[in-house]
Protein chains: 4
Amino acid sequence: MGGTSRTYAFLGPEGTFTEAALLQVPDAAQAVRVPASNVNAGLDKVRDGSADAAMVPIENSVEGGVTATLDAIATGQELRIIREVLVPISFVLVARPGVRLEDVRRVSTHGHAWAQCRLWMDRNIPDAEYVPGSSTAASALGLLDGNCHYDAAICAPLVAREHPGLSVLAENIGDNPGAVTRFILVSRPGPLPERTGADKTTVVVPLPEDRPGALMEILDQFASRGVNLSRIESRPTGQYLGHYFFSIDADGHAGEARVADALAGLHRISPRTRFLGSYARADRQATLVPAHTSDEAFTAARTWVRSILAAESTAGESGSGASPKA
Amino acid sequence: MGGTSRTYAFLGPEGTFTEAALLQVPDAAQAVRVPASNVNAGLDKVRDGSADAAMVPIENSVEGGVTATLDAIATGQELRIIREVLVPISFVLVARPGVRLEDVRRVSTHGHAWAQCRLWMDRNIPDAEYVPGSSTAASALGLLDGNCHYDAAICAPLVAREHPGLSVLAENIGDNPGAVTRFILVSRPGPLPERTGADKTTVVVPLPEDRPGALMEILDQFASRGVNLSRIESRPTGQYLGHYFFSIDADGHAGEARVADALAGLHRISPRTRFLGSYARADRQATLVPAHTSDEAFTAARTWVRSILAAESTAGESGSGASPKA
Amino acid sequence: MGGTSRTYAFLGPEGTFTEAALLQVPDAAQAVRVPASNVNAGLDKVRDGSADAAMVPIENSVEGGVTATLDAIATGQELRIIREVLVPISFVLVARPGVRLEDVRRVSTHGHAWAQCRLWMDRNIPDAEYVPGSSTAASALGLLDGNCHYDAAICAPLVAREHPGLSVLAENIGDNPGAVTRFILVSRPGPLPERTGADKTTVVVPLPEDRPGALMEILDQFASRGVNLSRIESRPTGQYLGHYFFSIDADGHAGEARVADALAGLHRISPRTRFLGSYARADRQATLVPAHTSDEAFTAARTWVRSILAAESTAGESGSGASPKA
Amino acid sequence: MGGTSRTYAFLGPEGTFTEAALLQVPDAAQAVRVPASNVNAGLDKVRDGSADAAMVPIENSVEGGVTATLDAIATGQELRIIREVLVPISFVLVARPGVRLEDVRRVSTHGHAWAQCRLWMDRNIPDAEYVPGSSTAASALGLLDGNCHYDAAICAPLVAREHPGLSVLAENIGDNPGAVTRFILVSRPGPLPERTGADKTTVVVPLPEDRPGALMEILDQFASRGVNLSRIESRPTGQYLGHYFFSIDADGHAGEARVADALAGLHRISPRTRFLGSYARADRQATLVPAHTSDEAFTAARTWVRSILAAESTAGESGSGASPKA
């Protein structure tokens, strides 16, 4: 990183939806962009300092959580999410120039993409055989290879635009027109992004014990402070069947007292809780904060408790304390 | 209070169970002891400085909460409970010398005492008429008055012992041999009594709103921190039917992090919550503290959250953070 | 009960607020009305069949629960509350004709009434001595007795109106102009009063164990079914300090599925739970029922579960079951 | 299905771990076994009647839930899980005879298998390139094909045993020696498998609304009845980001009152809840049932509520009802 510009890793190869997500980061177009062959490899570039940050997918509105990412950020050297990016997912079917739709016998793409275009495939080329690919872009670029053993690929519009050797046979072939994938930009721990009033906080919480209510206790740390959750996923710890950790997105920023208090509560219940960052929501939707969980309410409560413990005589003050009896 | 000895008010007159409770306080025998005609009068002596502390009853194992006390300490200038005393309640029937049981037609005592001796009365002098008295001692001492309009009184053994003019017709006439009354010693706000590991904390919490679950939110402030409750009573605020405050005894001392945290939670939900003190349990029964609500757990959690907010890079530390995935 | 008209017991003597409450019952004016010297005596008349029902006070907006009633209906042979009546509480000061306010030295009344007129007394006859009475009416009627040892009495307007021998020295002397007492009409178990859409259900629930959260489990039986509570009081069981039962009023009628389900839940947690009746609210305020706790929701849920257990093949039905995945 | 023997579909091809799971079913060895190219295809054979049941994977101790299965059973025509099977996952590396480990350049397998052997690969053939396969068996069998473009495959021991044309280069190459995959046998709705005292119940519950506590309300339906959860996973409904359903395994059988009651509660909160079956646990671990949630407790509670509603006079019965007051 000897130069002045920043270096961003991303889940490659070039032309993936992940690169499209990265390009939404203000300075990414001018930055060095390094593709990584898988999520772990991308995050390792951040961990070893060869990249300033990495863009990886975390959640798809159709396919769900990206388990490779959920697991990779939950373990190893700590990282922080500093930004989220939403990318509408739209698929195109590409082939070498001259190939027509009716010629297509074998189609390659990533498994998630295949799952999201199944209805279109069934209606249009029902007899096409599926050839698994490691990414949508890899499948598309494979077509440019001389001895490719499939005829077409499903990929992002970006990769088709960037490679004139690919011809688009069909656009918008995804079954769910509103499909969106959420990406996160991950860096080493450092100062938290500033509060914007529309933030998210991500944590990883190992389930402490297998007893009725353990998960409820965890959720209660949020609910009892009026903190809404926007995502919760269980992942196996890998130790044995039924041993989980939870990956959770909560509304709010760790700089808010109610979120900080919830984090402290999680740490008490499950001391191996991992904080993964507070960052601005991509949709800019402001968080509603119940009055009794505002920073002011927390400050007032703390001040009150402190005055009790400080044992300052309040006997002479008029109006001190409650008078519940009229 | 110009002298060197302390002044204690108590719910009088002399000879009540309350004076018996006061005499359990180490320096009370040598102190100035001032009877008060009612609970409010006793507490007012503390508030205006004419007494250092006041002993008043708060709860009876048979009759329940002493509402006069519950209401009096919940309102007005703030006070603090600094000690609790348990007194086994045992009743005697007294009369003027020469009066026999079969002569008794009218019996006076305080309403609570009457309620606690009803079975004995029904079995032994079923036709006796009840004459309400303002206290057990007042009823007993009234017998020494020339034109007393009743024949016998139910009172504490103490008053009979102190007044030779009273003859004991029967002992242990209470229906419930294990009856106990709990008394509290109340002072002006000052340094809290020290933690003993077997403490109680008393609070008054106005119910914030009439909605399903408001009371549960209050109780959850204790339960979610593993704090057990030993007493809970609802009292009307007097404003309208159905508007309550709750008087609550919780196990633990405000100097414990989990109790302090629960207090802060109560204050957020119900800002007019009133703290009434932390003090040693009379029964010396140590409080069991779940590991995840120990002071250590709170300190560790706070330190962890602070390190997140301080944004100290922990990237280089080995072993930092959780690794839920094996 | 040999005649055709009904017999009502009430907490006497005549002229008490309780009789005023009884007179609000449609057929009470024509019925036989029998005063009882205390709450237990009144209820026993119902239990032994010498009265059809008894009117007793249960709750005062200023003084709180009437513990004698709370305890009496919680034990012994089962009874049912079939109606509630609200009576605004207004006090008058009465004396024998010719006695002026400035002549009054000693004032008698029931302890609750004395507590509710204290401010007026302090402002107008601060030196008056208090003489306890067993009821407001008893104190007032005592004045008509030749050798009465007090000068005035605080009582209900009703008793003054009914006895010309009493002269009213002052009206509306209660400190809280909005004071209200709630009375209940109690009968032997029988068909429940019909649902009106604005009902209450009263239960007595012994706290099963002294553990954190036991009370919350009880409350959760109501909250989880959207049933609001309008009153909750703890009472000692009398066995030992800290052993309670709870007297609870909940919105709704046992004929409603959500209330019946909550009752079943209470019975599971605390098998000695006692049902004290479902009856129309005196204030006619309709109960709001969340959609997912309506009778329809319960019926639909039960039907669904039954169909699962009956193992009827639903495979062929279109639209059966959920399709959470779009 | 014209013959006498049953027909089982399974996620093929032959030699997968899924076939190994199927062979654990008592009559499967003698039955017709039909491989399906993907989970949906296997389930569709059950739905259209061409198979009696289908065996598909649902959860892996390392990789987590099998999303294709979770989604496929949550939608479409209803199905029932009638059995679960656990299969220890052990991987072998196979190649054509004569190929040595040091010759291996490109390795094919299913993505999940690749993820579970990464450490072994890094240590032994770190430069091997990954070639995605649609299943472990497909990758292995591909080696038998003349123009195969990879050198080795990771697969189950079963497939290596069944195909002499495959030579085993290494055994037990999985990174987690305790890895287990859970499979489910799925049929059309019919009579539930009998209760064994060690059962599981699987449901799919769409999250009713995006509000704090909605998930807690769902979990509370289980917790408040002492029903433990052994698996919970969120899956996107596909409608929009943040819209989930939950796939849940609970301990117990729908024939148990507490489970049936929890199901009814779920249906009220989320009427599109889908029941996926009650079946014996593979590990035979008996379920602990708290006394207050036993069938007896439910029956007693229901009987009690019914007697209240039936308005049978219990006045004369001795011992009826509670006597919380000693």
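- If you check an unreviewed UniProt entry, chain A appears there as Prephenate dehydratase from Pseudarthrobacter defluvii.
- Under the heading Pathway (unreviewed entry), UniProt records this for chain A: "Amino-acid biosynthesis; L-phenylalanine biosynthesis; phenylpyruvate from prephenate: step 1/1."
- The Catalytic activity (unreviewed entry) comment attached to chain A in UniProt states, word for word, "prephenate + H(+) = 3-phenylpyruvate + CO2 + H2O".

1. Observations regarding the interface of chain C and chain B
Step number 1: With 39 residues of chain C at the interface, the matching set in chain B holds 39 residues.
Step number 2: When the two sides are added together, the surface that chain C and chain B hide from each other amounts to roughly 3100 Å², 57% of it contributed by carbon and sulfur.
Step number 3: Between chain C and chain B we count 0 salt bridges in total.
Step number 4: Across the contact surface, chain C and chain B share 9 residue pairs in polar contact (both at pLDDT 80 or more).
Step number 5: For the side of chain C that touches chain B, the secondary-structure elements that each account for two or more residues are β3 (53–60), β8 (129–133), β11 (180–187), α8 (214–223), β13 (229–236) and β14 (244–251) of chain C.
Step number 6: Grouping the amino acids of the side of chain C that touches chain B by side-chain chemistry returns 16 nonpolar, 13 polar and 10 charged.

2. What about helix α8 (residues 214–223) of chain D?
Spacing of three or four residues puts side chains on the same side of an α-helix, whose turn is 3.6 residues.
Step number 1: The buried count for α8 of chain D comes to 8 of 10 residues, which makes it a mostly enclosed element.
Step number 2: Within the sequence span of α8 of chain D, burial applies to A214, L215, M216, I218, L219, D220, Q221 and F222 of chain D.

3. Regarding the pattern of salt bridges
Pairing between side chains of opposite charge can happen when the charged atoms of each approach one another.
Step number 1: If you walk through the whole model with that rule in mind, you get 76 salt bridges over all chains.
Step number 2: Where R281 of chain B meets D283 of chain B, a salt bridge forms, and the shortest distance between an N and an O atom there is 2.8 Å.
Step number 3: A relative accessible area of 37% places D283 of chain B in the partly exposed class.
Step number 4: One salt bridge in this structure joins R258 of chain D and E256 of chain D, with 3.2 Å as the shortest N-O distance.

4. Side note on the environment of N172 of chain C
Residue and element names in this part refer to chain C.
Step number 1: In this fold, N172 is placed in the loop between β10 (167–171) and β11.
Step number 2: Ignoring anything within four residues of it in the chain, the contact list for N172 reads S90 and F91.
Step number 3: Of note is the side chain of N172, whose polar atom sits 3.2 Å from the side chain of S90.

5. A short note on the sheet that holds strand β10 (residues 167–171) of chain A
All names here are of chain A.
Step number 1: The sheet built from 5 strands is open, its strands ordered β8-β7-β9-β6-β10 with mixed pairing. Looking at strand neighbours, the two that pair on one side only are β8 (129–132) and β10, the edges of this open sheet. Between one strand and the next, the sheet's axes are offset by a mean angle of 30 degrees, whatever the strand orientation.
Step number 2: Taken together, the 4 bridges between strand β6 (residues 92–95) and β10 define a ladder with antiparallel strand orientation. Within β10, the position partnered with V94 by the bridge is V168.

6. Considering the relation of the copies chain C and chain B
Step number 1: For these two chains of identical sequence, chain C goes onto chain B by a turn of 180 degrees and a shift of 0.0 Å along the axis, with RMSD 0.0 Å. The two molecules are tied by a two-fold rotation axis, judged by turn and shift.
Step number 2: A share of 100% of interface residues in chain C that are also interface residues in chain B marks the association as one of identical surfaces.

Rules used in this analysis
- Residues numbered from 1 in each chain as written.
- Chains lettered and ligands numbered in written order.
- Predicted model: local features only at pLDDT ≥ 70, side-chain atom pairs only at ≥ 80, totals over all residues.
- Heavy atoms only, no water.
- UniProt positions renumbered as here; feature names shortened; annotations may be inferred.
- Contact = heavy atoms within 4.5 Å.
- Buried area = accessible area lost by both parts, 1.4 Å probe.
- Salt bridge = Lys/Arg side-chain N within 4 Å of Asp/Glu carboxyl O.
- Polar contact = N/O pair within 3.5 Å; in protein donor to acceptor, adjacent residues only side chain to side chain.
- Helix = DSSP H or I, 4+ residues; strand = E, 2+ residues; numbered from the N terminus.
- Nonpolar A, V, L, I, M, F, W, Y, C, P; charged D, E, K, R; others polar.
- Buried < 20%, exposed > 50% of the residue type's maximum accessible area, 1.4 Å probe, protein only.
- Pairing = 2+ DSSP bridges.
- Axes fitted to C-alpha atoms, helices over the stretch in contact; angles between N-to-C directions.
- Least-squares fit on C-alpha atoms with pLDDT ≥ 70 in both.

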